[in-house]
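For reference, the chains in residue letters:
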Amino acid sequence: MPGEKTAKTALEDLKKALSRLENAIDGRVEKQRDFDEAEEEVQRLNADRSRLAQELDQSEDRASRLEEANREVSRRLVTAMETIRAVLDR
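Keep in mind the model is a prediction, meaning the values are calculated, not measured.

Helix and strand counts for the protein stand at one helix and zero strands. At 38 Å, the protein has a C-alpha radius of gyration far larger than the 12 Å of a compact globule built from 90 residues. In terms of overall dimensions, the protein has C-alpha extents of about 130 × 10 × 5 Å along its principal axes. Just so you have it, the protein exposes about 8,500 Å², and 56% of that area is on carbon and sulfur atoms. Within the protein, one finds 18 positive and 22 negative side-chain charges whose respective centroids are separated by 1 Å.

On to a nonpolar patch on the surface. A surface patch of nonpolar side chains, about 530 Å² in accessible area, is lined by L11, L14, L18, L21, I25 and V29. Mapping I25 onto the fold places it in helix α1 (residues 2–89).

The next thing to look at is a negative patch on the surface. Negative charge collects at one region of the surface, where D34, D36, E37, E39 and E40 lie side by side. Following the sequence through the fold, E39 ends up in helix α1.

For D48, the position within the fold is in helix α1. By relative accessible area, D48 is classed as partly exposed at 36%.

Relative to the assigned elements, R65 resides in helix α1. Of the residues examined, R65 reaches a relative accessible area of 55% and is grouped as exposed. Residues R65 and L18 lie 47 residues apart in sequence; the distance between their C-alpha atoms is 70 Å.

Two side chains of opposite charge can pair, provided their charged atoms sit close to one another. This model, assessed by the stated rule, comprises eight salt bridges. A salt bridge links R71 to E68, with the nearest nitrogen and oxygen atoms 2.8 Å apart. Residue R71 and its partner E68 are located together in helix α1, separated by three residues, close to a single helical turn. Judged by relative accessible area, R71 falls into the partly exposed class, the value being 45%. A residue is classified by how much of its surface remains accessible, and E68, at 43% relative accessible area, is partly exposed. Between R75 and E72 there is a salt bridge, and its shortest N-O distance comes to 2.4 Å. Of the two residues, R75 and E72 both sit in helix α1, three residues apart, roughly one turn of that helix. Given a relative accessible area of 46%, R75 falls into the partly exposed group. The exposure class assigned to E72 is partly exposed, which follows from its relative accessible area of 26%. Through salt bridges with shared partners, a single ionic network connects D48, R51 and E55.

Thresholds applied
Residue indices begin from 1 for each chain and proceed along its sequence in written order. Confidence filtering applies because this is a predicted model: local features only for residues at pLDDT of at least 70, side-chain atom pairs given and counted only at 80 or more, and all residues used for totals across whole chains, interfaces and linings. Computation of side-chain values: all heavy atoms of the structure, hydrogens and water removed. Strands here mean DSSP runs of E at least two residues long; helices mean DSSP runs of H or I at least four residues long; both are numbered from the N terminus. Computation of the radius of gyration draws on C-alpha atoms, with the globule rule given as 2.2 Å multiplied by the number of residues to the power 0.38. Only the protein chains shown count as cover for residues, and all accessible areas are computed by the Shrake-Rupley method using a 1.4 Å probe. For the charge count, each Lys or Arg is scored as positive and each Asp or Glu as negative, with His and the chain ends excluded. Where a charge sits is defined by one atom per residue type, namely NZ (Lys), CZ (Arg), CG (Asp) or CD (Glu). Nonpolar side chains (Val, Leu, Ile, Met, Phe, Trp, Tyr) within 5 Å and like charges within 9 Å form the patches, drawn only from residues with over 30% relative accessible area and no salt bridge. Each reported salt bridge corresponds to a side-chain nitrogen of Lys or Arg within 4 Å of a carboxyl oxygen of Asp or Glu. Accessible area is worked out with a 1.4 Å probe on protein chains only. A residue is then buried under 20% of its type maximum, exposed over 50%, and partly exposed in between.

Purely geometric stuff here, so don't read any function into it on its own.
Structure follows, in structure tokens:
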């Protein structure tokens, strides 16, 4: 009978080891899934960052053009006012 108990114990130990292995595999699969989801989120964030950077560059270019146009309009108004003053002074 001692041989049977040893085989029975060994079988129980094997079952326990298999159960721990399955749990470890399940945990690893879950961690990999979480990692993959995080990686996808990072890729989405990078795409958003690139898009926003491009939009910011476009907005800065537009602001520069508007600023230049504003300076030109101001210059022309000053010229027009000086011309009107000169005409009125005559």
